[in-house]
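Observations on the model geometry
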Amino acid sequence: MTGRAAPALLTPPLRASFGPAAALAALMVTVLGIRYAGHSGPGRAEARIRAAFEGAGPPWRQLAVATDFLGEPAGAATLVAAAVTGCLLVRWFRAAVLTVVGAGLAVGATTLLKPLVGRTINGGHLSYPSGHTAFATALVLAVALPAAGRLGLGKAAGPLLVFTAALAGGAAMGWAQVALGAHYPTDTLGGWCTALAVTPATARLIDRAADRRAGRPVPSGRPARR
């Protein structure tokens, strides 16, 4: 995290896209939270989606169980350890920090939001937003953001790669949660948006801290005083 040659997690093209995206994601989390506050059942569209996904037989149920395990403490710790190890091996030090801090903050945010929203499923379990989906999305973002920068992708290709990866990771975990009856579909959407709001902001903070420690000037967004 301290090297002078370490590239930013959020390159200018990514900052231009993920600043507004994070704000919209935070707004979506808020809107859905207000909409389903205190609810204990699915909406009409959600009921149809659940009916289509729930009760899947083999091999889909086994796949859903395996995917769900990756969001459980043991599975999540294994994924984070593997991702951090990979980042350290290729000297992506900022990405290693983002993997731990970004995923932790995303899951922590869902933990704080659940009692505030109060939506329940399966006999009173708090469900909104989905921590499993937030974790999977944050972990993918922690790898995809620096990868886009390292590949030197432009302002169209870079954000497209990151959004696609985040959508794939979040959709896979979200599908598993709905298929197993652990969450409503909008819970998983809320989890995905939580990660999309938290992780880029965390990446920006890590960049600023690393640049200060390396002695680089940190843009403040204000004109310099003379």
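As a starting point, this report considers the structure included with it. All values derive from a computational prediction rather than experimental measurement. (Residues numbered from 1 in each chain as written. Predicted model: local features only at pLDDT ≥ 70, side-chain atom pairs only at ≥ 80, totals over all residues. Heavy atoms only, no water.)

Things to note about the pattern of salt bridges
Under the definition given, this model contains four salt bridges. Here Arg-119 and Glu-46 are joined by a salt bridge, their closest N and O atoms 2.7 Å apart. On the criterion of sequence distance, the pair formed by Arg-119 in the loop between α5 (93–117) and β1 (120–121) and Glu-46 in helix α2 (residues 44–53) is long-range, its members being 73 residues apart. Looking at Arg-119, the relative accessible area reads 0%, which means it is buried. Exposure remark for Glu-46: the relative accessible area of 4% places this residue in the buried category. A salt bridge links Arg-119 to Asp-187; the shortest N-O distance between them is 3.1 Å. Here the residue Arg-119 occupies a position in the loop between α5 and β1, and Asp-187 occupies one in helix α8 (residues 185–213), the gap between them amounting to 68 residues. The same class applies to Arg-119 as to Asp-187, namely buried. Look at the salt bridges and you will find they share partners, linking Glu-46, Arg-119 and Asp-187 into a network. (Salt bridge = Lys/Arg side-chain N within 4 Å of Asp/Glu carboxyl O. Helix = DSSP H or I, 4+ residues; strand = E, 2+ residues; numbered from the N terminus. Buried < 20%, exposed > 50% of the residue type's maximum accessible area, 1.4 Å probe, protein only.)

A look at helix α6 (residues 131–150)
Taking 1.5 Å of rise per residue, the 20 residues of α6 would be expected to cover 28 Å, and the 29 Å separating its terminal C-alpha atoms lies within 8% of that figure. Judged by how many residues are buried, α6 sits mostly within the fold: 16 of 20 residues are covered. Phi turns positive, to about 70°, at Gly-152, one or two residues after α6. (Expected span 1.5 Å × (residues − 1).)

Observations concerning the packing of aromatic side chains
Taken as a whole and assessed by the stated rule, the structure comprises two aromatic pairs. With a centroid separation of 4.5 Å and 20° between ring planes, the pair formed by Phe-18 and Phe-163 is classed as stacked. Here Phe-18 is found in helix α1 (residues 12–35), whereas its partner Phe-163 is found in helix α7 (residues 157–179), with 145 residues between them in sequence. According to the relative accessible area criterion, Phe-18 is buried, its value standing at 2%. With centroids separated by 6.3 Å and ring planes inclined at 80°, the aromatic side chains of Trp-60 and Trp-175 adopt a geometry described as edge-to-face. With Trp-60 in helix α3 (residues 60–69) and Trp-175 in helix α7, this residue pair connects regions lying 115 residues apart in the sequence. The ring of Tyr-36 carries the charged tip of Arg-35 above its face, separated from the ring centre by 4.6 Å. Sitting over the ring of Tyr-36, Arg-119 keeps its end group 4.0 Å from the ring centre. (Phe/Tyr/Trp six-rings, centres within 6.5 Å; stacked < 30°, edge-to-face > 60°. Lys NZ or Arg CZ within 6 Å of the ring centre and 35° of its normal.)

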